[in-house]
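Results of the structural survey
Here is how the chains run, residue by residue.
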Amino acid sequence: MGVMTSSDRRLLLASIHDVSPRFEGEVDRLADLLHRHVGDRMAMLVVPNHWGEAPLVGGSAFATKLRSWADGGIEMFLHGYYHRDDARHVGGADRLKARFMTANEGEFMALSRNDAGQRIADGRKLVEDVIGRPVAGFIAPAWLYGPGALEAVADAGFELAEDHFRVWSPVTGKQLARGPVITWASRTRARLTSSLAAAAVLRNVSPAVMRIGVHPPDVCHPALVRSIEKTFRAAARKRRPGRYADLLAERRRDFQ
Ligand SMILES: [Zn+2]
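Every residue gets a number counted from 1 within its own chain, in the order that chain's sequence is written. Only residues with pLDDT of at least 70 are given local features in this predicted model, and only at 80 or more are side-chain atom pairs given and counted; all residues enter the totals for whole chains, interfaces and linings. With hydrogens and water stripped out, all remaining heavy atoms of the structure feed into the side-chain values.

**What to know about the coordination of the zinc ion**
Note that water is not among the atoms used; donors are N, O and S atoms within 2.8 Å of the metal (3.2 Å for Na, K and Ca), so sites may look incomplete. Only D18 (OD), H79 (NE2) and H83 (NE2) from the protein coordinate the zinc ion, and they sit 2.0 to 2.1 Å from it. The sequence pattern formed by the donor residues of the zinc ion is D-x60-H-x3-H. Of this pair, D18 sits in strand β1 (residues 11-19) while H79 sits in the loop between β5 (75-78) and α4 (92-102), and the two are 61 residues apart along the sequence. Using a relative accessible area of 0% as the deciding quantity, one classes H79 as buried. Segments assigned H or I by DSSP are reported as helices when at least four residues long, segments assigned E as strands when at least two residues long, and all are numbered from the N terminus. Each residue gets one of three labels from its accessible area relative to the maximum for its type: buried under 20%, exposed over 50%, partly exposed in between, using a 1.4 Å probe on protein chains only.

**Looking at the pairing of strand β9 (residues 174-178)**
At least two DSSP bridges between two strands are required for those strands to pair. As paired strands, strand β8 (residues 166-169) and β9 are joined by 4 bridges and run antiparallel to one another. Bridge pairing in β9 places V167 opposite A177.

**Here's the deal with the packing of aromatic side chains**
The criterion for an aromatic pair is that two Phe, Tyr or Trp rings (for Trp, the six-membered ring) have centres within 6.5 Å, with stacked assigned to planes under 30 degrees apart, edge-to-face to planes over 60 apart and tilted to the rest. Per the stated rule, a full pass over the model turns up 6 aromatic pairs. Look at F77 and Y244: their rings are 5.1 Å apart centre to centre, the planes differ by 70°, and that puts the pair in the edge-to-face class. Pair noted here: F77 is in strand β5 and Y244 is in helix α9 (residues 244-250), with a separation of 167 residues, a long-range link. In terms of burial, F77 and Y244 fall into one category: buried.

**With respect to the layout of surface pockets**
Estimates place the volume of the largest pocket at around 860 Å³. Lining the largest pocket we find 31 residues, and of these W184, A185, R187, R191 and H215 sit closest to its centre. Looking at the lining of the largest pocket, the elements that each hand over two or more residues are β1, α4 and α7 (189-202). Element by element, the count of residues in the lining of the largest pocket is highest for α7, at 5 residues. In the cavity and pocket records, a cavity denotes points on a 1 Å grid over the protein atoms alone where a 1.4 Å probe fits but cannot get out, a pocket denotes an open set with protein on both sides within 12 Å along at least 5 of 7 lines, and lining residues are residues with an atom within 4 Å of a point. Grid points are joined across faces, edges and corners, and a volume is the space filled by probe spheres set on the points. Reported here for the second largest pocket is a volume of approximately 150 Å³. Every residue lining the second largest pocket is listed: E75, R124, P134, V135, A136, G137, G157, F158, E159, L160, A245 and L248. Note on residue classes: Ala, Val, Leu, Ile, Met, Phe, Trp, Tyr, Cys and Pro are nonpolar, Asp, Glu, Lys and Arg are charged, and everything else, Gly too, is polar. For the lining of the second largest pocket, the per-class residue count stands at 7 nonpolar, 2 polar and 3 charged.

This is the structure in structure tokens:
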């Protein structure tokens, strides 16, 4: 039990997005990849029914696997409900933003407080029944929260939420960490290339809390897998893998 140095306190928070039976094979590969670097200190972002086509079903093989991951210490976050933005009442600018910036994945951008609250309550019950414990928090699809979603997330009393630029506690309003998530995109060649460039820069900057978020399609692109591996190796030299809940437990000023 030595005195911790400041570098010991620097955290690495790793997460797998879009955990759904739809992407079971990809999620398995990502879990193996991350496990080599961070053990069970990772988070999974669970989608209750991806696009309304891939329901998480209690008692299914996938549900059993999710439960055992949670039993092993992996943090489970609720990640939207359908993930897709199906709102028909969005204003023109928001609709364009949703379509072109996120390919309609911003489910919680345009929902009212009530509608967001209902999806959160339904999704939370489903996921918590499957994992047998409370979810760690809520993270909106594509990290996009409209005003109604922000209110609903606070109403639900979640201890943890994040967007692309920060982690906060909805129940207290306190900001817990800041700095962009290192993440990769593969929807177009241009996005893939720019995400590789961004990761190469961000893995060399040193925020108190480094967040790395990976997505199922990442495993289909060897260049992305190499970049992910390289980013984890760079992070491991300077920081310890942690859990999002560490931000609540430690309440260290230097995470701000
Ligand atoms: Zn997602």
